[in-house]
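Examining the three-dimensional arrangement
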Amino acid sequence: MLKRTLTITADLIVWIFLIGFAIIILSPLVFMFAASIMPSEDILKVPFPWITSDFHWQNYWKALKGNDGKFLYLRTIFNSFIVASLTSLGTIFLSSLAGYGLAKFKFKGRMFVLMMILSTMMIPFEAIMIPLYLIVTKMGMQDTYAGLIVPLLLNAFGIFMMRQYLITFPEELLDAARIDGASEFGIYWKIILPNSLPAITTLAILTFRAQWDNLIWPLLIVQTPKKKTIPLFIIQFASEKYTDEGALMAAAAIASVPMLILFIKLSRYFLAGAELFAARKD
Amino acid sequence: MKSLERKKAVWGFIFVLPAIVFFIIFNFYPMGYAFWISFHKKNLISLRPPKFVGFSNYIYLLQSSSFWNSVKATAIFALGTFVPIVIFSLIFAVLISTRKRFQKFLEMAYYSPAVLSSVVAATIWFLMFQPYGLANQFLNFLFNTNNIDYKWLSSEKMLVLATIIVYFWKYVGYYTIIFIAGIASIPKSVHEAAIIDGAGKWQDFLYITLPLLKPTTLLVSIMSMIQTLRTFSTQYFFVQSGAPIKPIEVITLNIYNTAIRDMRVGRASAMSIILLVIIMFFTYIQFKISRTEEISY
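Just so it is clear, the model here is predicted, and its values are computed rather than measured. (Residues numbered from 1 in each chain as written. Chains lettered and ligands numbered in written order. Predicted model: local features only at pLDDT ≥ 70, side-chain atom pairs only at ≥ 80, totals over all residues. Heavy atoms only, no water.)

**Quick notes on the overall build of chain B**
- When helices and strands are counted, chain B shows 13 helices and 2 strands.
- Here chain B has a C-alpha radius of gyration of 24 Å; the compact-globule value for 297 residues is 19 Å, and the former is much larger.
- Reported as C-alpha extents along the three principal axes, the dimensions of chain B are approximately 85 × 75 × 30 Å.
- Intrachain contacts of chain B at a sequence separation of at least 6 include 66% that bridge at least 24 residues.
- For chain B, the exposed area adds up to about 14,400 Å²; of that, 67% sits on carbon and sulfur atoms. (Helix = DSSP H or I, 4+ residues; strand = E, 2+ residues; numbered from the N terminus. Rg over C-alpha atoms; globule rule 2.2 N^0.38 Å. Contact = heavy atoms within 4.5 Å. Areas by Shrake-Rupley, 256 points an atom, 1.4 Å probe, with all protein chains shown as cover.)

Written out as structure tokens, the structure is:
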């Protein structure tokens with residue numbers, strides 16, 4: 001009897017601990033949404049009124065409009081969508097192509113190529129960004145979408161992930177298609193691509209989020225305000241003198257909603273992404 | 001048949017070729033260029049060709065207080081962040097794994113900050129760290145004090161702590177998920193065998209789960225440490241919004257400022273090479289560990 005009471009108490013303590021931390025972890029998110037519809041006086045009030053009595057939906061309008069009334073944020077959101085989507089599409093195509101080549105074809109130097117690609121995992125982006133910036137500028141891609149997209153089109157992790165996924169793909173299916181006269185690229189396009197959807201979705205989400213989040217590269221590449229991506233806009237908006245705190249939180253909320261919706265809808269791919277990253281051995 | 005094999009080999013190479021070209025142009029070439037230019041003097045916008053200066057960029061850095069300040073800032077940030085992250089994500093993961101209900105919900109709640117962009121995370125916390133913000137209110141509530149201002153963004157030590165908190169908050173859930181996957185990969189039969197042999201829940205955890213989690217723990221430790229060495233966004237945001245730069249000028253921020261603000265590309269590249277060597281060293285260890293520590297059931 002005593003033992004059972006103890007177990008139940010321990011169980012209860014664990015629940016309180018876990019839920020307590022869940023509340024702490026979620027509260028900044030709730031703060032963001034709560035503050036995004038508050039007048040700025042309320043945001044720094046003690047104690048913080050979690051639910052405002054004075055709804056300021058116009059904060060969202062102010063965020064989109066910007067301090068100079070040029071609706072720069074709208075353009076910025078569009079830029080981020082374009083850059084993140086195109087990078088994801090390119091990554092899917094090139095990573096699966098290379099991953100397939102490395103998984104299913106025997107050619108001279110295959111191991112060397114694989115090791116070469118894997119070794120780039122050791123190169124942190126921050127350590128090569130300055131020379132990369134000079135190279136990209138020399139290629140005439142400064143202040144362009146291409147400059148934001150092309151240098152981040154591929155990474156070793158994506159290729160490695162696709163290779164691991166495809167390495168167990170049944171060889172007989174490929175050979176059957178070859179006997180039927182399908183071209184090698186046709187086999188990739190019609191058999192390999194449609195059959196690697198789970199891996200591709202995970203890769204697309206990881207890439208989209210990385211670009212959506214990217215600060216340091218756009219900071220180097222973008223010159224004109226119209227080419228800015230969301231993180232650059234938010235940093236500028238936050239540092240402007242006349243920015244209203246409510247509008248700042250509205251801008252943050254707008255930036256977060258697409259990712260949060262993706263996360264709720266496709267959470268298993270997000271979580272799988274984290275797990276896969278841990279499993280990168282071999 | 002021979003020719004078919006040959007044709008296949010050619011196609012395999014064609015499929016991999018774009019990737020090879022990409023990595024040469026956008027990874028190996030910049031790395032080589034960084035190494036080369038780190039022995040030169042080069043102004044960012046001047047058209048004059050780089051001038052060879054030998055080791056003087058490195059010598060300058062080793063004698064510069066700004067560089068050592070960055071090394072210190074980075075080391076403090078990395079240690080102060082990755083150690084708590086490893087400990088807490090392990091505890092969270094172990095406890096979440098014992099839950100029979102709402103496990104998915106807890107996983108999602110803990111992971112959710114990792115979904116936000118780092119600039120958004122920094123923005124939210126920037127407001128919460130204001131003198132009348134939530135951070136002070138929370139601590140005053142916790143310690144039952146009255147309106148003490150902890151000077152999150154103006155006191156040097158608190159500013160460092162503030163950047164650590166933002167990073168910890170954003171990533172602890174991410175590593176929790178990795179640990180949960182590690183725990184789930186331990187076969188049930190191992191636990192069952194221990195229970196049959198008379199082990200209690202606590203003993204099962206101490207003598208089965210924990211030792212078998214060693215590879216995951218090592219992996220998370222090194223991975224999170226490498227990631228913290230690369231931190232940039234929060235520090236950049238706080239500085240842009242008026243916080244003092246000195247305590248939080250981490251190496252990446254210093255590289256950026258040296259190259260873009262001071263336009264000294266050679267010096268910035270020397271710093272990049274030093275960062276590269278440090279991170280490569282830890283990545284190498286990570287590869288070694290994941291090789292030798294692998295457990296097969």
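**Notes on helix α11 (residues 233-240) of chain B**
- With 6 of its 8 residues buried, α11 of chain B lies for the most part within the structure.
- Within α11 of chain B the residues assigned to the buried category are Ser 233, Thr 234, Gln 235, Tyr 236, Phe 237 and Phe 238 of chain B.
- On the buried face of α11 of chain B, the contacting elements are α12 (216-221) and α13 (230-239) of chain A together with α3 (65-98), α5 (118-128), α7 (156-184) and α12 (251-261) of chain B.
- Count one or two residues on from α11 of chain B and you reach Gly 242 of chain B, which has phi positive near 110°. (Buried < 20%, exposed > 50% of the residue type's maximum accessible area, 1.4 Å probe, protein only.)

**Points about the nonpolar core**
- Counting residues in hydrophobic clusters, the biggest one holds 199 residues, and the most contacted among them are Phe 31 and Tyr 73 of chain A together with Tyr 111 and Phe 238 of chain B.
- It is α7 of chain B that provides the largest number of residues to this core, a total of 16 residues.
- When residues of this core are sorted by domain, at least three fall in each of domain 1 (2-59) and domain 2 (66-243) of chain A. (Core = buried A, V, L, I, M, F, W, Y, C linked by side-chain atoms within 4.5 Å. Domains from an automatic or database assignment.)

**Comments concerning the pattern of salt bridges**
All names here are of chain A.
- Summed over the entire model, instances satisfying the criterion amount to 9 salt bridges over all chains.
- Note that Lys 62 and Asp 244 form a salt bridge whose closest N and O atoms lie 3.1 Å from each other. In this pair, Lys 62 sits in helix α3 (residues 58-65) while Asp 244 sits in the loop between α13 and α14 (245-265), placing the two residues 182 residues apart along the sequence.
- Taking the relative accessible area as the measure of exposure, Lys 62 reaches 33% and is therefore partly exposed.
- A salt bridge links Lys 104 to Glu 171; its shortest N-O distance comes to 3.5 Å. (Salt bridge = Lys/Arg side-chain N within 4 Å of Asp/Glu carboxyl O.)

**A few points about the interface of chain A and chain B**
- Across the boundary between the two partners, chain A contributes 97 residues, which contact 91 residues of chain B.
- Carbon and sulfur atoms make up 80% of the surface buried where chain A meets chain B, a total of about 8,600 Å² over both sides.
- Inspection of the region where chain A meets chain B yields 3 salt bridges.
- Of the charged contacts in the structure, one is a salt bridge between Glu 126 of chain A and Arg 230 of chain B, with a shortest N-O distance of 2.7 Å.
- At the surface where chain A touches chain B, the tally comes to 9 residue pairs in polar contact (both at pLDDT 80 or more).
- Here the side of chain A that touches chain B takes 14 residues from helix α1 (residues 2-35) of chain A, the largest share from any one element.
- Class assignment for the residues of the side of chain A that touches chain B results in 75 nonpolar, 7 polar and 15 charged. (Buried area = accessible area lost by both parts, 1.4 Å probe. Polar contact = N/O pair within 3.5 Å; in protein donor to acceptor, adjacent residues only side chain to side chain. Nonpolar A, V, L, I, M, F, W, Y, C, P; charged D, E, K, R; others polar.)

**Observations regarding α14 of chain A**
All names here are of chain A.
- Over its 21 residues, α14 runs 30 Å from end to end, which matches the ideal 30 Å to within 8%, given 1.5 Å per residue.
- Maximum bend of α14: about 35°, positioned at Ser 256, with proline Pro 258 one to four residues after it.
- By the N-cap criterion, in which a side-chain oxygen at the helix start approaches the backbone nitrogen of a residue two or three places on, α14 is capped by Asp 244, the distance to Gly 246 being 2.7 Å. (Expected span 1.5 Å × (residues − 1). Bend = angle between axes of the 7 residues up to and from the residue.)

**Some thoughts on the domain arrangement of chain A**
- Under the domain assignment used here, chain A contains domain 1 (2-59) and domain 2 (66-243).
- Taking the mean C-alpha position of each, domain 1 of chain A and domain 2 of chain A sit 36 Å from one another.

**A few points about unusual backbone geometry**
- For Phe 71 of chain A, which is not a glycine, the phi torsion comes out positive at approximately 55°.
- By the secondary structure assignment, Phe 71 of chain A is in the loop between α3 and α4 (72-104).
- We classify Phe 71 of chain A as partly exposed; its relative accessible area is 27%.
- A positive phi angle, close to 50°, is found at Asn 147 of chain B, a residue other than glycine.

**Quick word on the side chain of Asp 42 of chain A**
All names here are of chain A.
- Position of Asp 42 among the secondary structure elements: in helix α2 (residues 40-43).
- In this structure Asp 42 comes out as buried when scored by relative accessible area, which is 9%.
- Not counting residues up to four positions away in its chain, the partners in contact with Asp 42 are Phe 48, Pro 49 and Thr 52.

**Concerning the side chain of Thr 258 of chain B**
Residues and elements named next belong to chain B.
- By the element assignment, Thr 258 lies in helix α12.
- Overall, Thr 258 belongs to the buried group, its relative accessible area being 6%.
- Excluding anything up to four places from it in sequence, Thr 258 contacts Met 263, Arg 264, Arg 267, Ala 268 and Met 271.

**Points about the packing of helix α5 (residues 110-119) of chain A against helix α8 (residues 156-166) of chain A**
All names here are of chain A.
- It is the contact of α5 with α8, at a shortest axis distance of 8 Å, that shows an interaxial angle of 135°. With respect to α8, the element α5 is oriented oblique. Both α5 and α8 take part in a crossing whose hand is left-handed. Across the interface between the two elements, Leu 114, Ile 117 and Leu 118 of α5 pack against Ala 156, Ile 159, Phe 160 and Arg 163 of α8.
- Considering only residue class, the contact of α5 with α8 consists of 6 nonpolar, no polar and 1 charged. (Axes fitted to C-alpha atoms, helices over the stretch in contact; angles between N-to-C directions. Parallel < 35°, antiparallel > 145°, perpendicular 65-115°, else oblique. Left-handed = near helix turned anticlockwise from the far one by under 90°.)

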